Amino acid sequence: MHTKTMEGLAGASMNMKVLNTPFRVYKEAERRGDTTVMERAMGYVGEFADKAKDYQKKTEKGMKEDAKEAREKAEKEQENAIRKREEEREELEKRIAESRNWNADTVTISENGKAVLGGKSDPNQNGTHSSESAKETADAIKMEPVIYTRTGEAVQSESSTNLSVSL
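What counts, and at which threshold
Throughout, residues of each chain are indexed from 1 in the direction in which the sequence is written. Where local features are concerned, this predicted model is filtered to residues with pLDDT of at least 70; where side-chain atom pairs are given and counted, the filter is 80 or more; whole-chain, interface and lining totals use all residues. Excluded from the side-chain calculations are hydrogens and water; all other atoms, namely the structure's heavy atoms, are used. Numbering of helices and strands runs from the N terminus; a helix is a DSSP stretch of H or I covering at least four residues, while a strand is a stretch of E covering at least two. What a helix should span is 1.5 Å times the count of its residues minus one. The buried label applies to any residue whose accessible area, calculated with a 1.4 Å probe on protein chains only, is under 20% of its type's maximum; exposed applies above 50%, and partly exposed to all values in between. The salt bridge criterion pairs a side-chain nitrogen of Lys or Arg with a carboxyl oxygen of Asp or Glu, the two atoms within 4 Å. Scored from 0 to 100, pLDDT reflects the predictor's confidence in each residue. Between two residues, a contact is recorded if the distance between any of their heavy atoms is within 4.5 Å.

Asker: Talk me through helix 1 (residues 3-32); I want residue IDs and the actual numbers.
Answerer: Compared with the 44 Å implied by 1.5 Å per residue over 30 residues, the 44 Å span of helix 1 between its first and last C-alpha is a close match. Taken as a whole, helix 1 has its buried residues at Thr5, Gly8, Gly11, Ala12, Asn15, Leu19, Pro22, Tyr26 and Ala29. Once helix 1 ends, the next one or two residues include glycine 33, with phi positive near 90°.

Asker: Residue-level account of the environment of valine 45, with values.
Answerer: Within the secondary structure, valine 45 is located in helix 2 (residues 35-102). By relative accessible area, valine 45 is classed as buried at 11%. With 23 residues separating them along the chain, valine 45 and proline 22 place their C-alpha atoms 5.9 Å apart.

Asker: Describe the pattern of salt bridges, listing the residues and the values that go with them.
Answerer: Per the stated rule, a full pass over the model turns up four salt bridges. Measuring nitrogen to oxygen at the nearest pair gives 2.8 Å for the salt bridge that ties glutamate 91 to arginine 95. You can see glutamate 91 and its partner arginine 95 sitting in helix 2, four residues apart, about one turn around the helix. For arginine 95, a relative accessible area of 48% translates into the label partly exposed.

Asker: Summarise the confidence of the model for the protein chain; cite the residues concerned and give the values.
Answerer: For the protein chain, per-residue confidence averages 80 on the pLDDT scale, and residues scoring 70 or more make up 75% of the total. Ranking the elements of the protein chain by mean pLDDT puts helix 4 (residues 134-141) last, at 58, and helix 2 first, at 90.

Asker: Please give an account of the side chain of asparagine 15 that cites residues and values.
Answerer: Position of asparagine 15 among the secondary structure elements: in helix 1. For asparagine 15, a relative accessible area of 8% translates into the label buried. Every residue in contact with asparagine 15, bar those within four places of it in the chain, is listed here: Phe48, Lys51, Ala52 and Tyr55.

What follows is the structure in structure tokens.
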């Protein structure tokens, strides 16, 4: 809370409390019929009421300053949050780019694979030439399946194994 706001609230409150005393004197003087005391008491009441209004204006001015400071503070916090989010986003993008490049897998096509592709090693091509027949391509694909171990060695599968499933 701004000091002007606190001072204004305290001053207005105090003047309103002090205002009660001359007003009580006015009421007593009115009952007695003493007009000079009534006039003097009303002068004090008016004086304290004017001071309370002045303090009220001071309070309003302090509240406007408080609102302005709060708005500026909120704008600074918002700018800091935006800047922080941008930095976090850039850092995340860097990490993503590093992770993409760090564990990149490579593919090597064996001689058998090249034969299936018809000698082409371009992965964008589908492996058929217009000069190759569909039968030649099918024959090349019907090769024995190969299973690879964890070390990368090729193990020939046993094609003579007969499996039967009974239900």
